[in-house]
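# Breakdown of the fold
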Amino acid sequence: MRRIRSPETRGRFVRLPWPVLAIVAVAGLMMPGRGAWALDQVRSTYLEKCGGCHGIEGRSGQTYIPTLRDRVGTLSCTPEGRTYLLTVPGVSMSLIRDDALMARVMNFVLFDLGGESTPPGTRPFTAAEIHAQRGHALSTTDLPALRGQVWARAIACAAGRR
């Protein structure tokens, strides 16, 4: 429980149970206001399932987790990179079990977060493509090394297209 002061108590504290505080807090967050943002299902799913590691805007910071913002699209330059995106553990073993929703999340990652790093003409992911790759998760003991090799080939491909 948390103590709060109210005008009615004239300096005394009133104890409110945490469920009441939670309801008050949520009600305050849900009040209509100028400039309020509402997230669609894709963005809220990304935030819930991916944003904790990759960052809410695709910037993971100084970690071994790759930054997605303005970079991830480069991987789609090669078929190997495209497959890699769907077979990394965070995607292939994701708790997002709906293939259509996963395809929409991956398209958000590729086109929105990837920005200009995604080559023109890149085809969007489909639910069928997601479904086909889910059963083929990467099996490596050195994911950073594999990622580096896949990235190197994708970067060479992207440089050749310029």
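Anything mentioned here points back to the structure above.
An account of the accompanying structure is given in this report. (Residues numbered from 1 in each chain as written. Predicted model: local features only at pLDDT ≥ 70, side-chain atom pairs only at ≥ 80, totals over all residues. Heavy atoms only, no water.)

## Points about the nonpolar core
To keep it simple, the criterion reads: Put simply, buried Ala, Val, Leu, Ile, Met, Phe, Trp, Tyr and Cys residues joined by side-chain atoms within 4.5 Å make one nonpolar core. To sort residues, take the accessible area from a 1.4 Å probe on protein chains only and compare it with the maximum for the residue type: under 20% means buried, over 50% means exposed, and anything in between is partly exposed. Only DSSP runs of H or I covering at least 4 residues are called helices, and only runs of E covering at least 2 are called strands; the numbering of each starts at the N terminus. We call two residues contacting when some pair of their heavy atoms lies within 4.5 Å.
Of all hydrophobic cores here, the largest spans 26 residues; its most connected members are Y46, L75, M106 and F125. Listed by contribution, the elements that provide at least two residues to this core are α2 (41–49), α4 (79–87), α6 (99–113) and α8 (143–161). Ranked by the residues each element gives to this core, the list is headed by α6, at nine residues. Other than its neighbours up to four places away in sequence, Y46 contacts G51, H54, G55, I56, G58, L68, V105, F108, V109 and L113.

## So, the environment of I56
Tracing the sequence through the fold places I56 in the loop between α3 (51–54) and α4. Considering only alpha carbons, one finds I56 and S44, twelve residues apart in sequence, at a separation of 9.8 Å. Dropping the residues within four chain positions of it, I56 is found in contact with Y46, L47 and G51.

## With respect to the state of the cysteines
Condition: Pairs of cysteine sulfur atoms within 2.5 Å are what we label disulfides.
One pass over the full model with this rule turns up one disulfide. A disulfide bridge connects C77 with C157, and the sulfur atoms are separated by 2.1 Å. Judged by the sign of its S-S torsion, about -75°, the bond between C77 and C157 is left-handed. Placement of C77 in the loop between α3 and α4 and of C157 in helix α8 is noted, with a sequence separation of 80 residues between them. Residue class for C77 comes out buried when judged on its relative accessible area of 6%. C53 supplies the cysteine sulfur nearest to C50, a cysteine that is in no disulfide, at a spacing of 8.7 Å.

## Comments concerning the packing of α2 against α6
Applied cut-off: Lines fitted to the C-alpha atoms define the axes, with helices restricted to the stretch that makes contact. Angles between their N-to-C directions range from 0 to 180 degrees. Roughly parallel means an angle under 35 degrees; roughly antiparallel means over 145; roughly perpendicular covers 65 to 115; every other angle is labelled oblique. Each residue is assigned to one class: nonpolar for Ala, Val, Leu, Ile, Met, Phe, Trp, Tyr, Cys and Pro, charged for Asp, Glu, Lys and Arg, and polar for all the others, Gly among them.
Viewed as axis vectors pointing N to C, α2 and α6 meet at an angle of 85°, and their least axial separation amounts to 9 Å. Considered as vectors, α2 and α6 are oriented roughly perpendicular to each other. Contact with α2, carried on its side by Q41, V42, R43, T45 and Y46, involves L101, R104, V105, F108, V109, D112 and L113 of α6 and no other residues of that element. Partitioning the contact of α2 with α6 into residue classes produces seven nonpolar, two polar and three charged.

## Side note on the pattern of salt bridges
Which entries qualify depends on this criterion: Each reported salt bridge corresponds to a side-chain nitrogen of Lys or Arg within 4 Å of a carboxyl oxygen of Asp or Glu.
Scanning the entire structure with this criterion turns up eight salt bridges. Among the salt bridges present, the one from K49 reaches E48, with a minimum N-O distance of 3.3 Å. Its salt-bridge partner being R123, residue E129 comes within 3.7 Å of it at the nearest N-O pair. Salt bridges linked by common partners bring D40, R43 and D112 together as one network.

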